[in-house]
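# Architecture at a glance
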Amino acid sequence: MALVESWKFQADEVTGYIAGGGEHGIQIVATADGKPGTRGMGMNLEHYYSRSCEQGRFVPRYQAKVHSEQTGEQVVRVRIEPHKDWQIEATVDFAVLPGALIEVRYGFHFLAAYRGFEAFVSNYFHDPTEPHLHLNGQWVRPTVADNEHRFWLRSPADAENTLAVRHAELTPSAEIIQPIDPVCFDHPVMVTPIAGSTQSIVNIVEAEHCPSLSVNRRWNAHDFSLLGRDVAAGERVTCRAWFACTTLASLDDALRLQPR
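Residues numbered from 1 in each chain as written. Predicted model: local features only at pLDDT ≥ 70, side-chain atom pairs only at ≥ 80, totals over all residues. Heavy atoms only, no water.

With that settled, the discussion passes to the sheet that holds strand β12 (residues 149-153). As summarised here, the arrangement of the five strands in space is β4-β9-β16-β15-β12, forming an open sheet in which the pairing is antiparallel. Every interior strand has two partners, whereas the edge strands, β4 (44-49) and β12, have only one. On average, each strand axis in the sheet is tilted by 25 degrees relative to the strand beside it, whichever way the strands run. Strand direction decides the pairing type here: strand β9 (residues 114-122) and strand β16 (residues 221-231), joined by six bridges, are antiparallel. Counterpart to A119 in the pairing with β16 is L226. Lying over the sheet, helix α2 (residues 156-165) contacts β4, β9, β12 and β16, oriented at roughly 85 degrees with respect to β9. (Pairing = 2+ DSSP bridges. Helix = DSSP H or I, 4+ residues; strand = E, 2+ residues; numbered from the N terminus. Axes fitted to C-alpha atoms, helices over the stretch in contact; angles between N-to-C directions. Contact = heavy atoms within 4.5 Å.)

Moving on to the state of the cysteines. Tallied over the full model, the rule gives zero disulfides. Looking at the unpaired C53, the closest cysteine sulfur is the one in C239, lying at 18 Å. No disulfide involves C184; its sulfur sits 12 Å from that of C210, the nearest cysteine. (Disulfide = S-S within 2.5 Å.)

The pairing of strands in a sheet comes from backbone hydrogen bonds and takes either a parallel or an antiparallel form. Spatial ordering of the open sheet is given by β1-β2-β3, a layout of three strands whose pairing is antiparallel. Looking at the sheet topology across the chains shown, the edges are occupied by β1 (6-11) and β3 (25-30). Each strand of the sheet is rotated relative to its neighbour by a mean of 25 degrees, with strand direction disregarded. Inspection of the sheet shows strand β2 (residues 14-19) paired to β3 by five bridges, in the antiparallel sense. Following the sheet pairing, I18 is matched in β3 by I26.

Grouped together as the largest cluster of nonpolar side chains are 54 residues, with contacts concentrated most on Y106, F108 and F224. Core analysis: the next-biggest nonpolar cluster, separate from the first, contains ten residues, V189, V191, I204 and A244 among them. (Core = buried A, V, L, I, M, F, W, Y, C linked by side-chain atoms within 4.5 Å. Buried < 20%, exposed > 50% of the residue type's maximum accessible area, 1.4 Å probe, protein only.)

A word on α2. Among all positions in α2, only D158, A159, N161, T162 and V165 are buried. Summarising the contacts, the buried residues of α2 are in contact with β4, β9, β12 and β16.

The next point concerns the packing of aromatic side chains. Tallied over the full model, the rule gives eleven aromatic pairs. Ring geometry for Y49 versus F120: centroids 6.4 Å apart, planes at 90 degrees, classification edge-to-face. With a gap of 71 residues between them, Y49 in strand β4 and F120 in strand β9 connect regions that are remote in the sequence. On the basis of relative accessibility, which here comes to 5%, the residue F120 falls in the buried class. Relative to F224, the ring of Y106 has its centre 6.5 Å away and its plane inclined at 80 degrees; by these criteria the two rings are edge-to-face. With Y106 in strand β8 (residues 101-110) and F224 in strand β16, this residue pair connects regions lying 118 residues apart in the sequence. Neither Y106 nor F224 differs from the other in exposure class; each is buried. (Phe/Tyr/Trp six-rings, centres within 6.5 Å; stacked < 30°, edge-to-face > 60°.)

Following this line, the structure appears as structure tokens:
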């Protein structure tokens, strides 16, 4: 058994924690109307994938050494060391902003080159509730089967890399199927209503760094990926994403939450 550091925050009557360690991430324990918002490990850097390197599942969460510290008045940093063939120095910075909005910066320093590198980020919920996605110019709430983990891509070109780096996982099985939806998302935004609450969880990712969104009921998870491209040895990349627990007058308000 190990004790893991965590930091409590309260903003706009929303109460939550940012946990360190491998199972790092955000948990909303009470919305503004007192309802439990999420399970732990929101915005968790979970897996690495690449065309040129295998066995990256759960490397940043469970296999690599992880360090956590508070680096500013409202900022927590998680630092993930390289591990075996995955020679990547990664950081995850959680900054609590006004309005129960948390900016998350994923920093990668590649000590080796990787073809089609993709990092996978997870968010976990209490209920098997699909999020609203912006597809074909409108908000849609897709239905996902209990044994399905469905992907929506930024463009058809991103499908090739997604298939290549997950070739083993995407093979249909009795346990779970992982189809790629033929419809691409318009914006890398997911809006998940919280049961019994007037508030929703909003996930937003920088479009240039987000090749896929995905949803499953098996683990009540709404996920996204980062980069999805070749990276060079010595390259440094920072990808930004946002996590909000908020009341939306309309779903379109979610598109305006990303700071300029």
